[in-house]
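# A look at the structure
This is what each chain is made of:
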Amino acid sequence: MRARGSSIRVAATGMWGRDEKETLARLNAWNHGVHRARGRIEKIFGTWKRSYGLRRMRWRGLAKAAVQIHLTAIAYNFRRTLNIVAG
């Protein structure tokens, strides 16, 4: 990501400081650039966990787990495509 000119940012959940207002302002400023992209991505992962059984991996091993994730992504995209075309 850095090679393409962007920076890696993780949403912060807590910060410390002397003044509560200053600390909350820093926290909001830090998370402002992250919240839109994170919200879109977390919605997809939540749907996968809730509706497609990705709370636990079905098989052992990275290759088999990758297959499970790819099949889940295909099923999610297929269903999403049907909803977009129908509605």
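Bear in mind that the values here come from a model prediction, so they are computed numbers and not experimental data.

### Focus on the overall build of the protein
Within the protein, the regular secondary structure consists of three helices and zero strands. Counted from the first residue to the last, the protein has its helices and strands arranged as α-α-α. In terms of overall dimensions, the protein is more spread out than a globule: its C-alpha atoms have a radius of gyration of 18 Å, far above the 12 Å expected for 87 residues. Dimensions of the protein, computed from C-alpha atoms along their principal axes, come out at roughly 50 × 40 × 30 Å. Within the protein, the proportion of its 87 residues that are buried is 14%. Looking at the protein alone, contacts between residues at least 24 apart form 22% of all its contacts between residues at least 6 apart. Within the protein, the 4 negative side-chain charges are centred at a point lying 21 Å from the centre of the 19 positive side-chain charges.

### What about the confidence of the model for the protein?
Here the protein averages 85 in pLDDT, and 95% of its residues register 70 or above. Model confidence for the protein, summarised as mean pLDDT per element, is weakest for helix α1 (residues 20-32) at 82 and strongest for helix α3 (residues 62-86) at 93.

### A few points about the side chain of T47
Mapped onto the secondary structure, T47 falls in helix α2 (residues 35-51). For T47, a relative accessible area of 15% corresponds to the buried category. With residues up to four places along the chain from it excluded, the contact list for T47 reads Y52 and Y76.

### Focus: α3
Here α3 spans 36 Å end to end across 25 residues, near enough to the 36 Å set by a 1.5 Å rise per residue. Residues A65, Q68, T72, A73 and Y76 constitute the buried set of α3. Residues of α3 that are buried in the fold lie against α2.

### A closer look at the pattern of salt bridges
What the rule picks out here adds up to one salt bridge. Two residues, E42 and R38, come together in a salt bridge whose shortest N-O distance is 4.0 Å. Residue E42 and its partner R38 are located together in helix α2, separated by four residues, close to a single helical turn.

How each quantity is defined
Residues numbered from 1 in each chain as written. Predicted model: local features only at pLDDT ≥ 70, side-chain atom pairs only at ≥ 80, totals over all residues. Heavy atoms only, no water. Helix = DSSP H or I, 4+ residues; strand = E, 2+ residues; numbered from the N terminus. Rg over C-alpha atoms; globule rule 2.2 N^0.38 Å. Buried < 20%, exposed > 50% of the residue type's maximum accessible area, 1.4 Å probe, protein only. Contact = heavy atoms within 4.5 Å. Lys, Arg positive; Asp, Glu negative; His and termini not counted. Charge placed at Lys NZ, Arg CZ, Asp CG, Glu CD. pLDDT = per-residue confidence, 0-100. Expected span 1.5 Å × (residues − 1). Salt bridge = Lys/Arg side-chain N within 4 Å of Asp/Glu carboxyl O.

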